[in-house]
Protein chains: 2
Amino acid sequence: MTNALSSGATIGILGGGQLGRMLSVAASRLGFKTHIFEPSANPPAADVAHQVTTASYENADALAAFAASVDVITYEFENIPTSALDVLEQHKPIRPGREALRISQDRLTEKTFLQDLGLKTAPFADISDQASLDAAIETIGAASILKTRRFGYDGKGQARIKAREDAAQALSEMAGAPALLEGFVTFSHEISVIAARGISGEIACFDPGENIHRDGILHTTTVPARLSAGQRMDAVLMAGKILNALEYVGVLGVELFVTPQGLVVNEIAPRVHNSGHWTQNGCAVDQFEQHIRAVAGWGLGDGQRHSDVVMENLIGNDMERVASLAAERNTALHLYGKAEAKPGRKMGHVNRVQQPQS
Amino acid sequence: MTNALSSGATIGILGGGQLGRMLSVAASRLGFKTHIFEPSANPPAADVAHQVTTASYENADALAAFAASVDVITYEFENIPTSALDVLEQHKPIRPGREALRISQDRLTEKTFLQDLGLKTAPFADISDQASLDAAIETIGAASILKTRRFGYDGKGQARIKAREDAAQALSEMAGAPALLEGFVTFSHEISVIAARGISGEIACFDPGENIHRDGILHTTTVPARLSAGQRMDAVLMAGKILNALEYVGVLGVELFVTPQGLVVNEIAPRVHNSGHWTQNGCAVDQFEQHIRAVAGWGLGDGQRHSDVVMENLIGNDMERVASLAAERNTALHLYGKAEAKPGRKMGHVNRVQQPQS
């Protein structure tokens, strides 16, 4: 624990959404304070943070003052403007480091990085215009998804292509943004590994969870996932390879497709991840605390699971079910305190702790 | 859930120590904001609260402004001045109600209340001077403890009497404060029941924990406690009797001695209790959330335990053990962010989650 932050230090967090909120709570359990930097007013994380700066990522003075007030900087989302990072890193360490952000901010860079590591991904091609799209469909096949290279999440910035005729419409939906065509992977189910790397290079993984999506948004994560011992080992080794290649410090989410030909990486997220929320009620050290431990230079928890859990996201008007969810046995509610329950908006989640068979 | 507060409402908490801090975190999980009222600067709860008022309990304006800004008022400690309660209750409901505070603020009133309910307590006598002390020793025996009737906690305001000759010295330690002489109870071990009563009268109890004290401060709580099925049932019934008699709303801690003649009540605390901290890692709904649910008018969790836990308090320089505790498997750290580790000061606790035997 050389250079580890002491209890009482302040963790700066870029982004004040639900992930920042739960990172703040985890930081408090280790005796840390948090300072949230967030452009929008009254973000969810403000309810549980020691300090909040409301300012734009273009405001260099606000960024510098924020950085000066904290001991280390981390983030809850990967799309932080490069110019903001340039300011921040002059003052305090940013963990995970900028290489992880550079790679995960661009789907093309990310897929190329993964392939260079020898990991399997969906077939993909860089798309800049109709001609490159036509050529890519020739190789990959018409059934595909066109995605913006940058700033996509929860299915946003994506256009499904079913047949050659859909290509022009899909391309116009990209609105001129650099794009990537991805082929489909035939898989039995999707899993994710929430992995962490500490400041001295040690790695810890939580047990893989099995994910089900609805309308492009994560619906449930079930732990343990359906995996053979060999697949489980592969998942951990793949996550470790990625973490080491990035000299990563913090928690990383890796989404994987389970196929007869092995595990295929769907995408990586250089942050705590929705599919790791189950750890709050399944592990003594959850993904949020694991991340805080890593960025604070502490030793990691070992990822040990004490209970099986099914996590379910509460989206939009799922909030109407809160009273009945609160009455469920062995179900832990986690609401984000968002004022308005818009369709598609993540409002909270529940972790259903599975009782051992007696 | 009629009249239940909605997610987004604000819970006012009197007291900004570690209990207020953990109540704030639990409130955030249900989407509530918290506003802490605390006379001292930078209290532990401030790190995770939406708002903090730093003012004295004599400041009626600050109390009124605080009350106006919240939807309901609760507290983390029982020794709130009556004058402050008089101001607060004009604005917003105080839960648990004032009867619970009136009774638990005075050891004599509390013991009398318990006896009137038909519950066993240690033998006791009201002490106002040397003559009443001499008379009490005659009845109760010399081996006893003299305690101030009000404002005692963690062994403070107490003087042990071993023989008749100690009586005068013990009385002088009370510094003229009204006192109570308590006889000893011969018991095999001490347990506590953390019980809750909801706004519509429903009751839920967590499994009793077994407590070990060191130097008058709780050292460990182990769950489950060593109890027969009958003793377990008695403990729950006794807690229920107390909750109903007080028309209580919230979480109450009841400390009990296990004796061959049955369970004897040591004391009650009208708040979340140190011996209930294990619930954070043993239950889907912990004591802090249970308390918030009750004061917010929500239905209670059922108290179901999913894991066995041993809780250990970290006192004073136990903080030097943090790095090694952080490395323990299945051990959850909970630090309070207090700046200075004074001897006897509660700095945090760990919950060791016990793995099922395979």
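Residues numbered from 1 in each chain as written. Chains lettered and ligands numbered in written order. Predicted model: local features only at pLDDT ≥ 70, side-chain atom pairs only at ≥ 80, totals over all residues. Heavy atoms only, no water.

(A) Representation of the overall build of chain A within the structure. Helix and strand counts for chain A come out as 11 helices and 17 strands. Each principal axis of the C-alpha distribution contributes one length, and for chain A these read about 60 × 60 × 40 Å. Contacts in chain A between residues far apart in sequence, at least 24 positions, make up 61% of those at least 6 positions apart. Total accessible area computed for chain A in this model is approximately 13700 Å², and 49% of it derives from carbon and sulfur atoms. Mean positive and mean negative side-chain charge positions of chain A (32 and 40 charges, respectively) differ by 4 Å. (Helix = DSSP H or I, 4+ residues; strand = E, 2+ residues; numbered from the N terminus. Contact = heavy atoms within 4.5 Å. Areas by Shrake-Rupley, 256 points an atom, 1.4 Å probe, with all protein chains shown as cover. Lys, Arg positive; Asp, Glu negative; His and termini not counted. Charge placed at Lys NZ, Arg CZ, Asp CG, Glu CD.)

(B) Region of interest: the relation of the copies chain A and chain B. Between the two copies, chain A and chain B, the superposition gives an RMSD of 0.1 Å; the rotation angle is 180° and the shift along the axis is 0.0 Å. Such a combination of rotation and displacement between the chain copies is what one expects of a two-fold axis. Judged by C-alpha distance, V48 of chain A is the residue of chain A that lies nearest the rotation axis, at 1.9 Å. A shared binding surface is used by both copies, with 100% of the interface residues of chain A retained as interface residues in chain B. (Least-squares fit on C-alpha atoms with pLDDT ≥ 70 in both.)

(C) Summary view of the packing of helix α1 (residues 18–29) of chain A against helix α10 (residues 287–295) of chain A. All names here are of chain A. In contact at an axis separation of 8 Å, α1 and α10 are set at 70° when each is read in the N-to-C sense. The pairing of α1 with α10 is recorded here as roughly perpendicular in orientation. Classified by chirality, the crossing of α10 by α1 is right-handed. Here L19, M22, L23, A26, A27 and R29 of α1 come into contact with α10, specifically with F288, E289, H291 and I292. Residues that form the contact of α1 with α10 fall into these classes: seven nonpolar, one polar and two charged. (Axes fitted to C-alpha atoms, helices over the stretch in contact; angles between N-to-C directions. Parallel < 35°, antiparallel > 145°, perpendicular 65-115°, else oblique. Left-handed = near helix turned anticlockwise from the far one by under 90°. Nonpolar A, V, L, I, M, F, W, Y, C, P; charged D, E, K, R; others polar.)

(D) Broad picture of the nonpolar core. By size, the foremost hydrophobic cluster in this structure holds 45 residues, and its most contacted members are L333 of chain A together with I11, F32, I292 and W298 of chain B. When residues of this core are assigned to their parent elements, the largest contribution, five residues, is made by helix α1 (residues 18–29) of chain B. I94, M238, I242 and I268 of chain B belong to the second largest nonpolar core, which has 44 residues in total. (Core = buried A, V, L, I, M, F, W, Y, C linked by side-chain atoms within 4.5 Å. Buried < 20%, exposed > 50% of the residue type's maximum accessible area, 1.4 Å probe, protein only.)

(E) Focus on the pattern of salt bridges. On inspection of all chains with the given rule, the structure shows 46 salt bridges over all chains. R107 of chain B serves as the salt-bridge partner of E267 of chain B, at 3.5 Å between the closest nitrogen and oxygen. Separated by 160 residues along the polypeptide, E267 of chain B in strand β14 (residues 262–269) and R107 of chain B in helix α5 (residues 107–116) bring together distant segments of the chain. Where salt bridges share partners, they join E312, D318, R321, E328 and R352 of chain A into one cluster. (Salt bridge = Lys/Arg side-chain N within 4 Å of Asp/Glu carboxyl O.)

(F) Fine view of α1 of chain B. Residue and element names in this part refer to chain B. The end-to-end C-alpha distance of α1 is 17 Å, a good match for the 16 Å that 12 residues give at a rise of 1.5 Å each. Where burial is concerned, most of α1 is hidden: 12 out of the 12 residues are buried. All of the buried residues along α1 are Q18, L19, G20, R21, M22, L23, S24, V25, A26, A27, S28 and R29. Positive phi shows up at G31, right after α1, with a value of about 85°. (Expected span 1.5 Å × (residues − 1).)

(G) Spatial organisation of the interface of chain A and chain B. Opposite the 39 residues of chain A that make contact, chain B presents 39 residues. Summed over both partners, the interface of chain A with chain B comes to about 3300 Å²; 50% of that surface belongs to carbon and sulfur atoms. At the boundary of chain A with chain B, the tally comes to four salt bridges. We note a salt bridge from K33 of chain A to D47 of chain B, for which the minimum N-O separation is 3.3 Å. Counting every contact that joins chain A to chain B gives 14 residue pairs in polar contact (both at pLDDT 80 or more). Sort the elements by how many residues they give to the side of chain A that touches chain B and strand β16 (residues 331–335) of chain A lands first, with five residues. (Buried area = accessible area lost by both parts, 1.4 Å probe. Polar contact = N/O pair within 3.5 Å; in protein donor to acceptor, adjacent residues only side chain to side chain.)

(H) Layout of helix α10 (residues 287–295) of chain B. Residue and element names in this part refer to chain B. α10 sits mainly inside the fold: nine of its nine residues count as buried. Taken together, the buried positions of α10 are Q287, F288, E289, Q290, H291, I292, R293, A294 and V295. With a side-chain oxygen positioned 3.0 Å from the backbone nitrogen of F288, the residue opening α10 is D286. Remark: G297 follows α10 within two positions and exhibits a positive phi of approximately 80°.

(I) Fine view of the side chain of H273 of chain A. All names here are of chain A. You can see H273 is positioned in the loop between β14 (262–269) and α9 (279–282). We classify H273 as buried; its relative accessible area is 7%. A polar contact of 2.7 Å, which involves the side chain of H273, links it to the side chain of S275. Sequence-distant contacts of H273, that is, excluding residues within four places in its chain, are made with I194, G253, E255 and Q287.

(J) Focus on the packing of aromatic side chains. Residue and element names in this part refer to chain A. With the rule as written, the count across this model stands at 12 aromatic pairs over all chains. Measuring from ring centre to ring centre gives 5.3 Å for F37 and F66, while their planes differ by 65°; the resulting arrangement is edge-to-face. In this pair, F37 sits in strand β2 (residues 33–38) while F66 sits in helix α2 (residues 60–69), placing the two residues 29 residues apart along the sequence. By the burial criterion, F37 is buried, and F66 matches it. Ring geometry for F206 versus W278: centroids 6.3 Å apart, planes at 80°, classification edge-to-face. With F206 in the loop between β10 (203–205) and β11 (209–214) and W278 in the loop between β14 and α9, this residue pair connects regions lying 72 residues apart in the sequence. Summarising the burial analysis for this pair, F206 and W278 share the class buried. (Phe/Tyr/Trp six-rings, centres within 6.5 Å; stacked < 30°, edge-to-face > 60°.)

(K) Representation of the sheet that holds strand β3 (residues 51–54) of chain B in the model. Residues and elements named next belong to chain B. As summarised here, the arrangement of the four strands in space is β3-β2-β1-β4, forming an open sheet in which the pairing is parallel. Looking at the sheet topology across the chains shown, the edges are occupied by β3 and β4 (72–75). Averaged over all neighbouring strand pairs, the angle between strand axes comes to 25°, with direction disregarded. In the sheet, strand β2 (residues 33–38) pairs with β3 via four bridges, with the strands oriented parallel. Of the residues in β3, the one forming a bridge with F37 is T53. The strands that α1 touches are β1 (10–14), β2 and β4; relative to β2, the one it contacts most, it runs at about 165°. Against the sheet, helix α2 (residues 60–69) touches β1, β2, β3 and β4, its axis set at about 170° to β2. (Pairing = 2+ DSSP bridges.)

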